[in-house]
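Residue-level structural notes
Each chain is listed here by its residues.
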Amino acid sequence: MKNEITLQTRREFLRRTVLGSALSWTVPAFLADTFSALHAEAAGSAIQTVTGKDSTILVVLQMAGGNDGINTVVPYANDYYHQARPKLGLKAADVLKLNDEIGLHGALTGFKGLYDAGQLSVVQGVGYPNPNRSHFRSTEIWQTASDADRVEKNGWLGRYFDNACPGADPAVGVTIGSQLPEAFFAEKPKGVCFNNPQNYRFIANGDATAEYKKLNELETSGPGLASDANSPDMQNSGGSIGMLPAGMPMTGGRAIDFISRTAFDAQHSSDEIRGIAARVQNQAEYPNSPLAGSLKLVAKLIGGGLPTRVYYVSQGGYDTHTNQLATQQRLLQDLGDSMKAFVEDMKAQGNMQRVLVMTFSEFGRRVAENANGGTDHGAAAPMFIVGDKVQAGLLGKYPGLAPQDLFQGDVKFNVDFRSVYAGVLEDWLKTKSAPILGKQFAPLRVV
Amino acid sequence: MLKSLASDQWNYSMAAHLLNRAGFGGTPADVKKLADLGLDGAVDYLVDYDKVPDPTPDPDWAKPEPDRMKHLAEVYRTGTPEEKRQLQQETQRLERQRITELRGWWLQRMAYGPRPLQEKMALFWHGHFATSVEKVRDPYYMWRQNDIFRRQATGNWMLLLLEAGKDPAMLVWLDQAQSRKEHPNENFAREVMEIFTLGEGHYTEHDITEAARALTGWSLDRQQQSYIYRPFIHDNGEKTIFGQTGNFDGDDFIGLLVAQPQAARFITAKLWNYFSGSEPSPELNEALAADFRANNHNFKPFLKTMFRSREFYSPEIVRNQVKSPVQWLVGSVRMLETELPPPLVCWGVTRQLGQDLFAPPNVKGWDGGVTWITTNTLLTRYNDAQSLVEGTLPPLTAGDMAGKGAGNGQRALNAMQHLRVGGVSLEKILSPEDRDDNRSIIASLENRLFQTDLKKDQQEDLQAFLDSKTKMSDADILTAIRLMMSTPEYQVT
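Cut-off values and rules
Residues numbered from 1 in each chain as written. Chains lettered and ligands numbered in written order. Predicted model: local features only at pLDDT ≥ 70, side-chain atom pairs only at ≥ 80, totals over all residues. Heavy atoms only, no water. Helix = DSSP H or I, 4+ residues; strand = E, 2+ residues; numbered from the N terminus. Rg over C-alpha atoms; globule rule 2.2 N^0.38 Å. Buried < 20%, exposed > 50% of the residue type's maximum accessible area, 1.4 Å probe, protein only. Contact = heavy atoms within 4.5 Å. Areas by Shrake-Rupley, 256 points an atom, 1.4 Å probe, with all protein chains shown as cover. Lys, Arg positive; Asp, Glu negative; His and termini not counted. Charge placed at Lys NZ, Arg CZ, Asp CG, Glu CD. Salt bridge = Lys/Arg side-chain N within 4 Å of Asp/Glu carboxyl O. Pairing = 2+ DSSP bridges. Patch = residues over 30% accessible without salt bridge, like charges linked within 9 Å, V, L, I, M, F, W, Y side chains within 5 Å. Buried area = accessible area lost by both parts, 1.4 Å probe. Polar contact = N/O pair within 3.5 Å; in protein donor to acceptor, adjacent residues only side chain to side chain. Nonpolar A, V, L, I, M, F, W, Y, C, P; charged D, E, K, R; others polar. Core = buried A, V, L, I, M, F, W, Y, C linked by side-chain atoms within 4.5 Å. Axes fitted to C-alpha atoms, helices over the stretch in contact; angles between N-to-C directions. Left-handed = near helix turned anticlockwise from the far one by under 90°. pLDDT = per-residue confidence, 0-100.

Our focus in this paragraph is the overall build of chain B. Helix and strand counts for chain B stand at 26 helices and four strands. For 493 residues, the compact-globule formula gives about 23 Å, and the C-alpha radius of gyration of chain B, at 25 Å, lands near that figure. Principal-axis analysis of the C-alpha atoms gives chain B an extent of 80 × 65 × 40 Å. A buried classification covers 60% of the 493 residues belonging to chain B. Long-range contacts, defined here as pairs at least 24 residues apart, represent 73% of the contacts in chain B between residues at least 6 apart. In the form shown here, chain B has an accessible surface area of approximately 19,600 Å², with 50% of it arising from carbon and sulfur atoms. Separation between the mean location of the 56 positive side-chain charges and that of the 66 negative ones in chain B comes to 3 Å.

Printed below as a string of structure tokens:
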């Protein structure tokens, strides 16, 4: 079976089937899957066809700026803690106790509820060897899952897309934000990004949009194409008719062909996303914040059946060199409440069992407070994982805070973040982690 | 291989191709001027650009500031926490302002400067040596490196390596400034071999360690903001690099690097890929390398060979290279004869499209080619085209800036909302005769924007669009231009 095809336009391709006969517009849904599988086989990589309704979904939540883990997961009974933080130290009465030694920041009522319901993992002491305290560099390390002394070009999620989702919809990864995170950088770039669904489209006045579609042969209304996205066949495949495997090799193909395909993908995913955003309603009370706005959108897209495997959202402001008490109060309240609402929304949709949320931050902060009511860049910190089937409770070990336990004033990690990624990749996304992370990290069991 | 294009093959279309690749494209008048010079004349005109005067001034802050450096050092040493914090804030504000200005300054040079190939080569070197302001921080250092890439753009490979290696930006970027004989830092030694000159597999780990030893001594005087050689941290012992032994220093090491046969192959392949849009076959690469070596690793004669060769004008190459974001922006304002948007807006555009000048994503630079095109960047190009043509603010950039809420950005954004930032003047690009007839409007625009014909049904669609307007206005023609820029054809050069 030929697995390398040159093509002029998507429409011409649709007219020439694999089976060689003239084609009506309704290509059976299985054919799209067959193509993905064929191509994947040809490419020799692990097959993971995006299938929509039943696949698991990962939501990555970046806490940008370097969140102070020590005042988030608080060792409220620890003397070293209070000695190091006379002003910033939280007392027993300020925290939501998880046990005799550890409590969550008082503002994380949303998380406490999830913890009590067995839906929250707190992974303690997560970091990596030779910690880097530069926002730019450490974020890059978390995004690319590289060792601290190497520079990797592609992101861990990008490598996941390359390795495990060869036949996937371009919206296999969705970022709510203004640009794709480095985590999504891939050999065969995938993933769409928008702040507002209305921005993710060809923006024009008057009849220019119709003209644009005509000029580029992008009609996506018509039998067998995007408007059939809700037909029974389409529901099952989760893929889109005519959605060619994005990794299709371009033998003899010109750059223009690749760009035409991309334009088609853009139009299709744009229509789909805007349709879903307009149609699907949120079923929970969210706070009024940018983070909540992002999660509301993610909830809609999940509810609307977008065949996305990984969503990426971000909450900024955690770089608390000054005024930490007030800032963390505000941010963590937002985080906990937004997460609580998102989980309620997913439950109401009947989709919560498919969803796993993972937070990360580029580093924690120093044990000792600084002279400006804040803390400076540190190293290890906790990660949070939310889901129906998580290994609930406290995982890892709370790092020692005694001076002899520190390294250059920072807490030492006991869980390498790549182990957490490995656990998510293997247990949740059901793919081998070693090809994606560059080597085998002992996975932390996450579910 | 590399025989010259036959003179009967040289025409307007080939001249357009040369100008697009060796520069950033141009108006029909620009192309015609080049076409009239003939192949050799055109190539010489572009490559021997020293003959063209370039009086463009540098930014006024583009020089060392020893007093400011001294003040900074003092405060960090003896200031109160409050003083330090304030100075840090001021410094960061100044740095942001200057780097934005520097980006605008460079784009202006690319769009309106008299030496297109020099700027196109400076852009190549910037991607090649991929140094980022995110780590280097000092905009003066970034300007200084850019200046080296411009002055040495088409000089000698060894001399360029030496200047770029001993330059403050690079000394900071790859940690050479911290290297000393007791503990040599291998970062620069490794990257110069792996990424700048030879490629993986053409050196050993031992070569790296020994090279790092040889390079010790290359250091940075932060107060004078310049390179300084520190003999006391230089490892004076014998080293063995590439099987040769001697008391090598950094200069010797660079000499050894360039003498490797692989060096000529590596850099000529990269240059061929940059200008042609495709990787050379092993055969072609050998031919390119041989030419480069025969010219003592000097770029000018090599570029002339390349730009004259029939391979460069083959159908697989012409109009088959995806425009980089910078090429897209600069080429568009040149072809549309319009102004570049303000620096802050340009920054938003190039960043959204994936090419943030002075901030490449990592040491490996930008991959280019089809990787510039994703569903997002493609839609962004199509939407930004509307802004360029109509003179409005790109919607994504506006949202992006507003979201940041950063003082300067927000104020600038508010101010800009009320300005018409450029936009196309139809009188400049359509003659009165062309303006009269819908057919000639489309043909004229086609020629200007694509230097070739569109597909027949595309032409017909555009024709029909204009014909459907009962009272065709300038706005309708601008829309047609925007539509033409919103095609796959417009994304290639």
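Time to look at the pattern of salt bridges. One pass over the full model with this rule turns up 47 salt bridges over all chains. For Glu344(A), the salt bridge goes to Lys340(A), with nearest N and O atoms at 3.7 Å. Here Glu344(A) pairs with Lys340(A), and both are found in helix 11 (residues 324–349), just four residues apart, close to one helical turn. When its relative accessible area of 43% is taken as the criterion, Lys340(A) is described as partly exposed. A salt bridge links Glu460(B) to Lys456(B); the shortest N-O distance between them is 2.9 Å. Of this pair, Glu460(B) and Lys456(B) both sit in helix 25 (residues 456–467), four residues apart, roughly one helical turn.

Now for the pairing of strand 5 (residues 120–127) of chain A. Residue and element names in this part refer to chain A. Most of strand 5 is tucked away, with eight of its eight residues classed as buried. Where strand 5 lies against strand 10 (residues 381–386), five bridges are found, and the strand directions are antiparallel. Along strand 10, the bridge assignment pairs Ser121 with Ile385. In this structure, strand 5 lies alongside strand 11 (residues 393–396), joined through four bridges in parallel fashion. Residue pairing across strands places Val123 opposite Leu395, the latter belonging to strand 11. Where strand 5 and strand 12 (residues 415–416) come together, two bridges link them in parallel fashion. Bridge assignment links Gly127 to a residue of strand 12, and that residue is Asp416.

Moving on, we come to a negative patch on the surface. Residues Glu433(B), Asp436(B), Asp437(B) and Asp467(B) make up a contiguous surface patch of negative charge. Note on placement: Glu433(B) falls in helix 23 (residues 432–436).

Another aspect to go through is the interface of chain A and chain B. Listed by partner, the interface residues are 40 residues for chain A and 45 residues for chain B. With both sides pooled, the region where chain A packs onto chain B buries about 3,900 Å², and carbon together with sulfur makes up 61% of that total. Put simply, chain A and chain B have two salt bridges between them. Here chain A is connected to chain B by 13 residue pairs in polar contact (both at pLDDT 80 or more). Counting residues per element, the ones that place at least two in the side of chain A that touches chain B are helix 5 (135–144), strand 7 (192–194), helix 7 (208–215) and helix 9 (255–279) of chain A. Of the residues contributing to the side of chain A that touches chain B, the split by class is 20 nonpolar, ten polar and ten charged.

Turning our attention to unusual backbone geometry. A positive phi angle is found at Gln408(A), which is not glycine, with a value near 55 degrees. Within the secondary structure layout, Gln408(A) lies in the loop between strand 11 and strand 12. Classification of Gln408(A) as exposed rests on a relative accessible area of 52%. A positive phi angle, close to 50 degrees, is found at Glu337(B), a residue other than glycine. The topology assignment puts Glu337(B) in the loop between helix 17 (325–336) and helix 18 (343–352). The exposure class assigned to Glu337(B) is partly exposed, which follows from its relative accessible area of 27%.

All right, on to the side chain of Glu369(A) then. Residues and elements named next belong to chain A. Secondary-structure assignment places Glu369 in the loop between strand 9 (355–360) and strand 10. Buried and unpaired, Glu369 has Lys87 as its nearest opposite-charge partner, separated by 4.6 Å. Within polar-contact distance, the side chain of Glu369 engages the backbone nitrogen of Leu88 at 2.8 Å. Residues within four places of Glu369 in sequence aside, it is in contact with Ala84, Arg85, Pro86, Lys87, Leu88, Gly374 and Thr375.

Of all hydrophobic cores here, the largest spans 212 residues; its most connected members are Phe342(A), Leu18(B), Phe307(B) and Ile481(B). The leading source of residues in this core is helix 9 of chain A, at nine residues. Of all hydrophobic cores here, the second largest spans 42 residues; its members include Trp142(A), Phe161(A), Ala164(A) and Phe441(A).

Moving on to the sheet that holds strand 3 (residues 95–97) of chain A. Residues and elements named next belong to chain A. Taken in spatial order, the three strands make up an open sheet running 2-4-3, and their pairing is antiparallel. If you trace the sheet from one side to the other, it starts and ends with strand 2 (73–74) and strand 3, each paired once. Pairing between strand 2 and strand 4 (residues 103–105): two bridges, direction antiparallel. Of the residues in strand 4, the one forming a bridge with Val74 is Gly103.

All names here are of chain B. Contact pair helix 4 (residues 66–78) / helix 5 (residues 81–112): the axes reach a minimum separation of 9 Å and the direction vectors enclose 145 degrees. The way helix 4 lies across helix 5 gives a crossing that is left-handed. Residue-level inspection shows Arg68, His71, Leu72, Val75 and Tyr76 of helix 4 in contact with helix 5, the latter providing Glu83, Lys84, Leu87, Gln88, Thr91, Leu94 and Arg98. A per-class count over the contact of helix 4 with helix 5 returns five nonpolar, three polar and four charged.

Residues and elements named next belong to chain B. In the predicted model, chain B carries a mean pLDDT of 93, and 95% of its residues have values of at least 70. Note that pLDDT drops below 50 for residues 403–407; the model gives that stretch three contacts with residues more than four away or on any other chain. Of the two predicted TM-score estimates for the complex, the pTM is 0.85 and the ipTM is 0.92.

Quick look at the confidence of the model for chain A now. Segments scoring low in pLDDT should not have their predicted coordinates read at a detailed level. Residues and elements named next belong to chain A. Predicted confidence across chain A gives a mean pLDDT of 83, with 81% of residues reaching 70 or more. Predicted confidence for residues 1–52 stays below pLDDT 50, and this span has 89 contacts to residues more than four positions away or in other chains. Within the model, pLDDT remains below 50 along residues 221–252, and this stretch shows 71 contacts once partners closer than five positions in the same chain are excluded.

All right, on to the side chain of Asn351(A) then. Residues and elements named next belong to chain A. Within the secondary structure layout, Asn351 lies in the loop between helix 11 and strand 9. Polar side-chain contacts of Asn351 include one of 2.9 Å to the side chain of Gln349. Ignoring anything within four residues of it in the chain, the contact list for Asn351 reads Ile302, Gly303 and Met346.

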